[in-house]
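What follows is the residue order along each chain.
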Amino acid sequence: MENTETGQTQNPEIQNQLIQDRIQLPNATAVLVLGIFSIVTSWCCGIFPFVGLTLGIISLALSSKAQQLFNENPRLYTESSMKNLNAGKVCAIIGLVFSGLIIMIGIIYLMVVGATLGTIFSSIPWENIFN
Amino acid sequence: MLEHLTDWLESHMRTCTIREHTGIYCAGCGLQRSVIALLKGHIMESLILYPALIPILLMFTFLFFHLVFRFRSGASILKYMFIGNVSIVFMHYIYILFFQQIN
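Reading the values: rules and limits
- Sequence order sets the numbering: in each chain, residues are counted from 1 along the sequence as written.
- Each chain gets a letter, beginning with A, and each ligand a number, beginning with 1, in the order they are written.
- Whole-chain, interface and lining totals are the exception, using all residues; otherwise, since this is a predicted model, local features are given only for residues with pLDDT of at least 70 and side-chain atom pairs are given and counted only at 80 or more.
- Side-chain descriptors were evaluated using all non-hydrogen atoms of the structure, hydrogens and water having been removed beforehand.
- Comment: elements are numbered from the N terminus, with helices defined as DSSP H or I runs of at least four residues and strands as E runs of at least two.
- Here the term buried applies to any residue with accessible area under 20% of the maximum for its type, exposed to any over 50%, and partly exposed to those in between, with areas from a 1.4 Å probe on protein chains only.
- Here, two residues are considered to be in contact whenever any of their heavy atoms come within 4.5 Å of each other.
- With residues, only the protein chains shown are counted as cover, and all accessible areas are computed by Shrake-Rupley using a 1.4 Å probe.
- For the purpose of counting charges, residues Lys and Arg are taken to be positive, whereas Asp and Glu are taken to be negative. His and the chain ends are not included.
- Charged side chains are reduced to one point each, which is NZ for Lys, CZ for Arg, CG for Asp and CD for Glu.
- Expected span of a helix, by definition, is 1.5 Å for each gap between consecutive residues, and there is one gap fewer than residues.
- Buried area is calculated as the accessible area (1.4 Å probe) missing from two parts once they are joined, with the contributions of both summed.
- Counted as a polar contact is a pair of N or O atoms within 3.5 Å, where, for protein atoms, one must be capable of donating a hydrogen and the other of accepting one, and residues adjacent in sequence contribute only when both atoms are in side chains.
- Charged means Asp, Glu, Lys or Arg here, nonpolar means Ala, Val, Leu, Ile, Met, Phe, Trp, Tyr, Cys or Pro, and polar covers whatever is left, Gly included.
- pLDDT is defined as a per-residue confidence score from the predictor, taking values between 0 and 100.
- Stacked, edge-to-face and tilted are the three classes for Phe, Tyr and Trp ring pairs, Trp counted by its six-membered ring, which pair at centre distances within 6.5 Å; planes under 30 degrees apart are stacked, over 60 edge-to-face, the rest tilted.
- Sitting over a ring, as applied to charges here, requires NZ of Lys or CZ of Arg to be within 6 Å of the ring centre and within 35 degrees of the ring normal.
- Every axis corresponds to a line fitted to the C-alpha atoms, with the helix fit spanning only the stretch in contact, and the corresponding angles, defined between N-to-C directions, vary from 0 to 180 degrees.
- An angle below 35 degrees is treated as roughly parallel, one above 145 as roughly antiparallel, one from 65 to 115 as roughly perpendicular, and anything else as oblique.
- In this scheme the handedness of a crossing depends on how the near helix is turned from the far one: anticlockwise by less than a right angle means left-handed, clockwise means right-handed.
- Each salt bridge in this description consists of a side-chain nitrogen of Lys or Arg and a carboxyl oxygen of Asp or Glu lying within 4 Å of one another.

K.L.:
Lay out the overall build of chain B in plain terms, naming residues and giving numbers.
P.N.:
Along the backbone of chain B there are 6 helices and 0 strands. Listing each helix as α and each strand as β along chain B from the N terminus yields α-α-α-α-α-α. Projected onto its principal axes, the C-alpha coordinates of chain B cover approximately 45 × 40 × 25 Å. Of all 103 residues assigned to chain B, the portion counted as buried reaches 31%. Sequence-distant contacts, at least 24 apart, represent 42% of the contacts inside chain B between residues at least 6 apart. Counting only carbon and sulfur atoms, one obtains 68% of the accessible surface of chain B, whose full area is about 6,600 Å². Across chain B, 7 positive and 5 negative side-chain charges occur, with their mean positions spaced 20 Å apart.

Spelled out as structure tokens, the structure:
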């Protein structure tokens, strides 16, 4: 019954046991939850895009670590946690792009306002006013 | 109890920072009013003010149940719900920027 050449067992009972013994990837649910929360916090006013950005970055970092673990030893972890991880990664990337876009728009706005104010400020004839 | 909550929320509404400083709507404008309308039970009004609120709440309930019960294809459903929500928010944002002014 057992195939000794490849070192893998062909016995279905033992294979089922092996599948049942698989553990969840660490942080898979955390990646999913953080990735989904990153979008909700990303679009709202003022400071919140930074919250979305940080959540997205944390989620991506955790997911890359877990992905490395899975690549090293794919038989050890369950398939559902891998699916969770992938979904969380997609969500985190979308949230990251969205909040990055909003932050970039904010920075461009600040630059335009700053340039305008600077032009106005430097075009005021200060010497005529004070002398 | 719920009436007290909605009254309190209505008296403590906060103006969006972006709206206050630039006069342009942000992608989250309308969310507070939408939540209050939903708490009062006006589902249609809430959908008009912020169409993505109810799908987002659905997504979070689904996330909770998925984490508890571990559905077989829950992760991919969540992914597509997420993409749908993002596109709803984006389209609504473009719509209120160009075609409509809510006060």
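K.L.:
Please provide a residue-by-residue account of helix H6 (residues 74-98) of chain B, values included.
P.N.:
Helical geometry note: an α-helix holds 3.6 residues per turn, so side chains three or four residues apart project in the same direction. Taking 1.5 Å per residue as the helical rise, H6(B) with its 25 residues ought to reach 36 Å, and the 36 Å between its terminal C-alpha atoms agrees with that figure. By the burial criterion, the buried members of H6(B) are B:Gly74, B:Ala75, B:Leu78, B:Phe82, B:Asn85, B:Val86, B:Val89, B:His92 and B:Ile96. Check the buried side of H6(B) and you find it contacts helix H2 (28-40) and helix H4 (79-123) of chain A together with helix H4 (43-49) and helix H5 (53-69) of chain B.

K.L.:
Lay out the interface of chain B and chain A in plain terms, naming residues and giving numbers.
P.N.:
Taken together, the contacts link 26 residues of chain B with 22 residues of chain A. Between chain B and chain A, the buried area comes to about 2,100 Å², and carbon and sulfur atoms account for 82% of it. Counting across the interface, chain B meets chain A through 1 residue pair in polar contact (both at pLDDT 80 or more). Elements that contribute at least two residues to the side of chain B that touches chain A include exactly helix H2 (17-22), H5 and H6 of chain B. Looking at the side of chain B that touches chain A element by element, the count peaks at 8 residues for H6(B). Across the side of chain B that touches chain A, the residue classes tally to 18 nonpolar, 5 polar and 3 charged.

K.L.:
Residue-level account of the confidence of the model for chain B, with values.
P.N.:
All names here are of chain B. For chain B, the mean per-residue pLDDT works out to 85, and 96% of the residues sit at or above 70. Mean pLDDT across the elements of chain B ranges from a minimum in H2, with 74, to a maximum in H5, with 91. Here the prediction assigns the complex a pTM of 0.77, and the interface score ipTM is 0.78.

K.L.:
Lay out the packing of aromatic side chains with the relevant residues and their values.
P.N.:
In this structure the tally under the stated criterion is 8 aromatic pairs over all chains. Centroid distance A:Phe121 to A:Trp126: 5.1 Å. Interplanar angle 55°. Geometry classified as tilted. Looking at A:Phe121, the relative accessible area reads 53%, which means it is exposed. Centre to centre, the rings of B:Phe64 and B:Phe65 are 5.7 Å apart; their planes meet at 65°, and the pair counts as edge-to-face. Since its relative accessible area comes to 40%, B:Phe65 is described here as partly exposed. Each residue in the set B:Phe62, B:Phe64, B:Phe65, B:Phe69 and B:Phe71 is aromatic and connected to the rest through ring pairs, giving one cluster. One Lys or Arg, B:Lys79, reaches over the ring of B:Tyr80 and ends 5.8 Å from the middle of that ring.

K.L.:
Residues and numbers for the packing of H4(A) against H6(B), please.
P.N.:
Between H4(A) and H6(B), the least distance of the axes is 8 Å, while the angle of their chain directions is 15°. The orientation of H4(A) relative to H6(B) falls into the category roughly parallel. Here H4(A) and H6(B) pass one another in a crossing that is left-handed. The segment H4(A) lies against H6(B), with A:Lys83, A:Asn84, A:Ala87, A:Val90, A:Cys91, A:Ile94, A:Gly95, A:Phe98 and A:Leu101 engaging B:Ala75, B:Lys79, B:Phe82, B:Ile83, B:Val86, B:Val89 and B:Phe90. Class assignment of the residues belonging to the contact of H4(A) with H6(B) gives a composition of 12 nonpolar, 2 polar and 2 charged.

K.L.:
Residues and numbers for the pattern of salt bridges, please.
P.N.:
Residues and elements named next belong to chain B. Enumeration over the complete set of coordinates arrives at 1 salt bridge over all chains. Across the pair Glu 10 and Lys 40 runs a salt bridge whose closest N-O atoms are separated by 2.9 Å. In this pair, Glu 10 is assigned in helix H1 (residues 2-11) and Lys 40 in helix H3 (residues 31-40), connecting sequence segments 30 residues apart. Judged by relative accessible area, which is 38%, Glu 10 ranks as partly exposed. Residue Lys 40 is classed as partly exposed on the basis of its relative accessible area of 42%.

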